[in-house]
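Coordinate analysis (summary)
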Amino acid sequence: MVIYSIYIVSKSGGLIFNHDHNVPKIETERKFTYPLDLKLTCENKKISVQFGNRDGIQVGHLLYAINGTPVTGRQLDDGRDAMEVIENKENYPLLLKFGRPKMTTNEKIFLASMFYPLFAIASQLSPEPKSSGIELLEADTFKLHCFQTLTGVKIMVVVDKGQIGAEVFLKKVYELYADYALKNPFYSLEMPIRCDLFDTNLKSMLEQVDKNGISSI
């Protein structure tokens, strides 16, 4: 079973836990000649594509390396300014590596807060009373499964589109949450989960699923 990430949202809609497990890196490396047919900009100390799509490189992708040398912010690891290297005609051809930016914690919190009203709307749209709300969102590349506990806490897992058994996995995560978070005297409801035993046992279960499949838990 390919598990990408796990999220736990409190009953009030706040993100209290997230774990990225098998999130694939989407990177593309291409050789470019002068002039560069992509418009790059430097914002928030990161160089990104502002205009132009080609060969898997899209607007919003970040520059990760030039000729194999990693880029941190706008500076190469050898100390050179990345933008100056790109703007200098004499440096071409250049081998540039771009990739999709990783989601920040703030972006994950924002997405969790967006899922909460969607869940409520789905419950209200149901023609039958006492709807469970959204249990599955399916896209062309992934599935998002959601399990709501009796107290309103939502546990979500993002998996590969072809995987099955996510419902069993979610209930196992809930058992770990009940055993190691809720029974922790230092944990307060609605607060982010910072329990070492919960983290350790969750990672152990994820490793077991990777090796032997969902049926092994």
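This write-up is about the structure you can find in this document. (Residues numbered from 1 in each chain as written. Predicted model: local features only at pLDDT ≥ 70, side-chain atom pairs only at ≥ 80, totals over all residues. Heavy atoms only, no water.)

**Considerations on the overall build of the protein chain**
Per the secondary structure count, the protein chain includes four helices and 12 strands. Over its C-alpha atoms, taken along the principal directions, the protein chain stretches across nearly 65 × 40 × 35 Å. Expressed as a percentage of its 217 residues, the buried residues of the protein chain come to 36%. In the protein chain, 52% of the contacts between residues at least 6 apart in sequence involve partners at least 24 apart. Taken as a whole, the protein chain presents about 13100 Å² of accessible surface, with 52% of it coming from carbon and sulfur. Here the protein chain contributes 25 positively and 26 negatively charged side chains, and the mean placements of these two sets differ by 1 Å. (Helix = DSSP H or I, 4+ residues; strand = E, 2+ residues; numbered from the N terminus. Buried < 20%, exposed > 50% of the residue type's maximum accessible area, 1.4 Å probe, protein only. Contact = heavy atoms within 4.5 Å. Areas by Shrake-Rupley, 256 points an atom, 1.4 Å probe, with all protein chains shown as cover. Lys, Arg positive; Asp, Glu negative; His and termini not counted. Charge placed at Lys NZ, Arg CZ, Asp CG, Glu CD.)

**Side note on the side chain of histidine 19**
With respect to the helices and strands, the residue histidine 19 is situated in strand β2 (residues 15-20). Sequence-distant contacts of histidine 19, that is, excluding residues within four places in its chain, are made with Tyr4, Ser5, Ile6, Lys203 and Leu206.

**Some details on the packing of aromatic side chains**
With the rule as written, the count across this model stands at six aromatic pairs. Centre to centre, the rings of phenylalanine 115 and phenylalanine 119 are 6.1 Å apart; their planes meet at 50 degrees, and the pair counts as tilted. Of this pair, phenylalanine 115 and phenylalanine 119 both sit in helix α2 (residues 105-125), four residues apart, roughly one helical turn. The two residues phenylalanine 115 and phenylalanine 119 agree in class, both being buried. The structure contains a cluster of three or more aromatic residues connected by ring pairs, namely Phe147, Tyr174 and Tyr177. (Phe/Tyr/Trp six-rings, centres within 6.5 Å; stacked < 30°, edge-to-face > 60°.)

**Side note on the pairing of strand β5 (residues 46-51)**
In the sheet, strand β4 (residues 39-43) pairs with β5 via five bridges, with the strands oriented antiparallel. Looking across to β5, one finds that glutamate 43 is bridged to lysine 46. Hairpin remark: β4 followed by β5, antiparallel, with two residues in the connecting loop; positive phi at asparagine 44, about 55 degrees. (Pairing = 2+ DSSP bridges.)

**Quick look at α2**
For α2, which comprises 21 residues, the first-to-last C-alpha distance of 31 Å matches the rise-based estimate of 30 Å (1.5 Å per residue) to within 8%. Those residues of α2 lying buried are Lys108, Ala112, Phe115 and Phe119. Taken end-on, α2 shows its buried residues confined to a sector of 60 degrees, consistent with a single buried face. Along α2, the residues that are exposed and aim more than 90 degrees away from the buried face are Asn106, Phe110, Gln124 and Leu125. Looking at the buried residues of α2, the elements they touch are β1 (3-9), β2, β10 (136-138), β11 (142-148) and β12 (154-160). (Expected span 1.5 Å × (residues − 1). Arc of directions from axis to C-beta.)

**Some remarks on the packing of helix α3 (residues 166-182) against helix α4 (residues 196-212)**
At a minimum axis separation of 9 Å, α3 and α4 run at an interaxial angle of 160 degrees. As far as their axial angle goes, α4 and α3 are roughly antiparallel. Once α3 is placed against α4, the crossing between them reads as right-handed. Residues Phe169, Lys172, Val173, Leu176, Tyr177 and Tyr180 of α3 pack against Leu197, Phe198, Asn201, Leu202, Met205, Leu206 and Val209 of α4. Tallied by class, the residues present in the contact of α3 with α4 amount to 11 nonpolar, one polar and one charged. (Axes fitted to C-alpha atoms, helices over the stretch in contact; angles between N-to-C directions. Parallel < 35°, antiparallel > 145°, perpendicular 65-115°, else oblique. Left-handed = near helix turned anticlockwise from the far one by under 90°. Nonpolar A, V, L, I, M, F, W, Y, C, P; charged D, E, K, R; others polar.)

**Details of the sheet that holds β11**
Taken in spatial order, the five strands line up as β2-β1-β12-β11-β10 in an open sheet, and their pairing is antiparallel. Where the open sheet ends on each side, the last strands, each with one partner, are β2 and β10. This sheet shows a mean twist of 15 degrees between the axes of neighbouring strands, independent of strand direction. When β10 meets β11, the two strands line up antiparallel, connected through three bridges. Its bridge partner lying in β11, leucine 137 is registered against leucine 144.

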